[in-house]
Amino acid sequence: MVRPEDIQAYIAQGLACEQLQVAGDGHHFEALIVSGAFAGKSRVQRHQMVYAALGDRMREEIHALSMKTLTPEEFAAQS
Amino acid sequence: MDVQERIRATVTGNPVVLYMKGTPQFPQCGFSATAVQILKACGVSKFASVNVLEDMEVRDGIKQYANWPTIPQLYINGEFVGGCDIMREMYQSGELQKSLEGVTSAS
C-alpha cells in the first residue's frame, strides 16, 4: 500500500517544493504543494506538473489524490 | 473513428460534458459525485455525462486526451477545465459560475 510519505517523496523528486504536505489513508490522499515553479501556470498546468512528477504511479498505485497547488506568494497570502 | 476522435466529437458537440464514474443519478465515486453537485450548485441542470466505467476505451483515452490521469473531467465548449479539485476551487472563487454563464442556456 502506498503511504503518504511515499507520495511526498515521489513529488519532491520531480518538483522543487517549498512546502509539501501529504496526508491519506492508503487509498485517498490530500496534498498541499507550494512551489515557485507554479508561477504563471494555470491550475490545470500545475496539477499536470504534479502528475508528471508522479508518472506511472498515478495510474498504477495511486487511486485518488486531491491537491492544492500554490506559489509561495499565494501560500503566504492564505496563511 | 478512433477513441480520441470520438472524445473530441463529444466535447465539441456539447456545451458542457462531464466524464465521470457512474451517472449523475448514481455516481460511483465520491469525486464524481462532488463534480455533479458542483455543476448543480452552479445552476446547470442539463449537461452531457459520459460514464467511463461503461467504456474501457474512453476510460483510458480520456486520460490521454487532456493529459490528465484522473476522473472526473469537466469540459466546457470543448475545453478541458479540470478535475474535482479545480472545479471546487473555481466554484468557491466564482470563476466556474462565470465560465458556465450563457453556455448552458444555449443547450
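Just above sits the structure.
Draft legend 1. Structural view of the interface of chain A and chain B. Between chain A and chain B, the residue contacts involve 14 residues of the former and 17 residues of the latter. The interface formed by chain A and chain B includes two salt bridges. Its salt-bridge partner being R43 of chain A, residue E89 of chain B comes within 2.9 Å of it at the nearest N-O pair. Put simply, chain A and chain B have seven residue pairs in polar contact (both at pLDDT 80 or more) between them. Of all elements in the fold, only α2 (43-54), α3 (57-60) and β3 (64-70) of chain A reach the threshold of two or more residues within the side of chain A that touches chain B. Of the residues in the side of chain A that touches chain B, the class split is six nonpolar, five polar and three charged.

Draft legend 2. A look at the sheet that holds strand β2 (residues 48-51) of chain B. Residues and elements named next belong to chain B. If you walk across this open sheet you meet the four strands as β2-β1-β3-β4, and the pairing is mixed. Each end of this open sheet is capped by a strand with a single partner; those strands are β2 and β4 (79-82). Sheet twist, expressed as the average angle between the axes of neighbouring strands with direction ignored, equals 25°. Here strand β3 (residues 73-76) runs beside β4; their pairing, made up of three bridges, is antiparallel.

Draft legend 3. Structural detail: the side chain of Q48 of chain A. Its place among the elements puts Q48 of chain A in helix α2. Polar contacts involving the side chain of Q48 of chain A include one to the main-chain carbonyl oxygen of A66 of chain B, which spans 3.0 Å. Among all residues touching Q48 of chain A, those that are not within four sequence positions of it are A66, N67 and W68 of chain B.

Draft legend 4. Looking closely at the packing of aromatic side chains. One pass over the structure, following the stated rule, counts five aromatic pairs over all chains. Put simply, the rings of Y51 of chain A together with Y19, Y65, W68, Y75 and F80 of chain B pair up and form one aromatic cluster. Its end group placed over the ring of Y10 of chain A, R57 of chain A keeps NZ or CZ at 3.7 Å from the ring centre.

Draft legend 5. Molecular detail of the environment of L39 of chain B. All names here are of chain B. Of note, L39 is situated in helix α2 (residues 30-41). Residue classification places L39 among the buried residues on the basis of a relative accessible area of 0%. When the C-alpha atoms of L39 and A66 are compared, they prove to be 20 Å apart, with 27 residues separating the residues in sequence. Filtering out sequence-adjacent residues up to four positions away, L39 remains in contact with V16, L18, V44, F47, L74, M87 and L100.

Draft legend 6. Focus on the sheet that holds strand β1 (residues 19-24) of chain A. Residue and element names in this part refer to chain A. Sheet architecture is open: three strands sit in the order β1-β2-β3, paired in mixed fashion. With one partner strand each, in any of the chains shown, β1 and β3 form the two edges of the open sheet. Between one strand axis and the next, the sheet turns through 10° on average, direction left out of account. Bridge count for strand β2 (residues 28-34) against β3 is seven bridges, and the pairing is parallel. When the sheet's bridge partners are listed, A31 is paired in β3 with M67.

Calculation notes
Residues numbered from 1 in each chain as written. Chains lettered and ligands numbered in written order. Predicted model: local features only at pLDDT ≥ 70, side-chain atom pairs only at ≥ 80, totals over all residues. Heavy atoms only, no water. Contact = heavy atoms within 4.5 Å. Salt bridge = Lys/Arg side-chain N within 4 Å of Asp/Glu carboxyl O. Polar contact = N/O pair within 3.5 Å; in protein donor to acceptor, adjacent residues only side chain to side chain. Helix = DSSP H or I, 4+ residues; strand = E, 2+ residues; numbered from the N terminus. Nonpolar A, V, L, I, M, F, W, Y, C, P; charged D, E, K, R; others polar. Pairing = 2+ DSSP bridges. Axes fitted to C-alpha atoms, helices over the stretch in contact; angles between N-to-C directions. Phe/Tyr/Trp six-rings, centres within 6.5 Å; stacked < 30°, edge-to-face > 60°. Lys NZ or Arg CZ within 6 Å of the ring centre and 35° of its normal. Buried < 20%, exposed > 50% of the residue type's maximum accessible area, 1.4 Å probe, protein only.

None of this, on its own, says anything about what the molecule does.
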